[in-house]
Amino acid sequence: KKQFTIKTDNDITALKVGATYKNDEKTFFRVASIGSQGDKGGAFTVERMNGAADPGKKLVKVSGEGPSAIVARTTMIDIYLQGGGFLPPIAFLFVVVVVLLINSLLIYRNKRQCRAAFIDQAEKALVAGDIKQFDELAAKEKGMLAHICRAMTYRLEHSTMDDIKHRVEVAAGKQIARLRIPVKTMNLIAVAAPLLGLLGTIVGMVIVFEAVAGTTGAAKASALAQGIRVKLFCTAAAMIVAIPALFCYFIFNQKLSVIIAECEIVAERFLHLIAMRKRNGTDKSAAEPAAKW
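About the cut-offs
- Residues numbered from 1 in each chain as written.
- Predicted model: local features only at pLDDT ≥ 70, side-chain atom pairs only at ≥ 80, totals over all residues.
- Heavy atoms only, no water.
- Helix = DSSP H or I, 4+ residues; strand = E, 2+ residues; numbered from the N terminus.
- Buried < 20%, exposed > 50% of the residue type's maximum accessible area, 1.4 Å probe, protein only.
- Contact = heavy atoms within 4.5 Å.
- Areas by Shrake-Rupley, 256 points an atom, 1.4 Å probe, with all protein chains shown as cover.
- Axes fitted to C-alpha atoms, helices over the stretch in contact; angles between N-to-C directions.
- Parallel < 35°, antiparallel > 145°, perpendicular 65-115°, else oblique.
- Left-handed = near helix turned anticlockwise from the far one by under 90°.
- Nonpolar A, V, L, I, M, F, W, Y, C, P; charged D, E, K, R; others polar.
- Pairing = 2+ DSSP bridges.

Student: Hey, could you run me through the overall build of the protein in this one?
Tutor: Secondary structure summary: the protein contains 8 helices and 6 strands in total. Secondary structure of the protein in N-to-C order comes out as β-β-β-β-β-β-α-α-α-α-α-α-α-α. Considering the protein as a whole, with its 293 residues, one finds that 42% of them fall into the buried category. At a minimum sequence separation of 6, the contacts of the protein that also span at least 24 residues come to 73%. For the protein, the exposed area adds up to about 15,900 Å²; of that, 61% sits on carbon and sulfur atoms.

Student: Where do I start with the packing of helix H4 (residues 116–127) against helix H5 (residues 131–140) in this structure?
Tutor: When two helices pack together, you describe them by how their axes are tilted relative to each other and by the distance separating the axes. At a minimum axis distance of 7 Å, the contact between H4 and H5 shows a crossing angle of 160°. When the axis of H4 is compared with that of H5, the two are roughly antiparallel. Taken as a pair, H4 and H5 cross one another with a handedness that is left-handed. For the pair H4 and H5, the contacting residues are Phe118, Gln121, Ala122, Ala125 and Leu126 in the first and Ile131, Gln133, Phe134, Leu137 and Ala138 in the second. Among the residues making up the contact of H4 with H5, the classes are represented as 8 nonpolar, 2 polar and no charged.

Student: I would appreciate a short explanation of the pairing of strand E4 (residues 42–50) in the present structure.
Tutor: Sheet faces and side chains relate simply in a regular strand, where the side chains alternate between the two faces. Burial analysis of E4 places 7 of its 9 residues in the buried class, the great majority of the element. Pairing of strand E1 (residues 3–8) with E4 involves 6 bridges; the strand directions are antiparallel. Residue pairing for E4: phenylalanine 4 is matched across the bridge by valine 46. Alignment of strand E3 (residues 28–36) against E4, held across 7 bridges, turns out to be antiparallel. Across the sheet, the residue bridging to valine 31 is valine 46, located in E4. Between E3 and E4, which pair antiparallel in sequence order, lie 5 residues; one of them, glycine 41, sits at a positive phi of approximately 110°.

Student: How do you make sense of the sheet that holds strand E5 (residues 58–63) when you look at a structure like this?
Tutor: The strands that make up a sheet pair up through hydrogen bonds in the backbone, lying either parallel or antiparallel. One open sheet holds the 6 strands; their spatial order is E1-E4-E3-E2-E5-E6, and the pairing between them is antiparallel. Because the sheet does not close on itself, it has two edges, and the strands there are E1 and strand E6 (69–71). On average, each strand axis in the sheet is inclined to that of its neighbour by 40°, with strand direction left out of account. In this sheet, E5 lies alongside strand E2 (residues 20–22) in antiparallel orientation, the contact comprising 3 bridges. Each residue of the ladder has a partner; that of tyrosine 21, found in E5, is lysine 61.

The following block contains the structure:
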């Protein structure tokens, strides 16, 4: 008495509730209700009368009023619902990839991590020996380079150049680790999604083989073909997720490497200017920076 919703493009104008149909596996179904019907198709609900198979692709009339044969229309949503319990996690991974893609487009930019205008203003302040202005510029700026600059000015008066360099290395390492989280997640999804899809297909195939164990002949071949087609969709969906994730990983990982290299060059230049100021003693009149790195 399990019920199934059938959607079709066939003319089902003559279909009446109570009509009996059977599929290729000799399972019989009774039309329980009709949602919509017309010469261009519609949707109706059937109730299984005996047997264990699903309606399948084609139903042939046994008794009652209706077309002699009805071919079911299978949509992507239908395949998704029939794909088993592994498709929802794969769909979730797809949503995660889209979110990571949007996030990566926003954060992996030079304007976000090492803005050229900030570099020019900060360098002019250091050349002029104005550490306070340099610190104020860094406090207002966002991104990895600004975080590194705040580490340079933290307790500057009481720090040696070795202390400053150590703080810069720690700050840079912390920011790089945070910026690598999205690309590492993309890499994980690119590896895990195909395995999840393959596992879903294998489990689905086992279920299909068990379901057709009691059938023979053409009915068995038809059931196998339909079941395999649906279950392979699990692997196909996983590849649809994994391939974009892999491309995004390589693209944004390269962009991050370029940003890191740019920040290293600029930070080295800033450290050199700070070292010159400390040797000349011109920074001792500067107020203790308020920014915390």
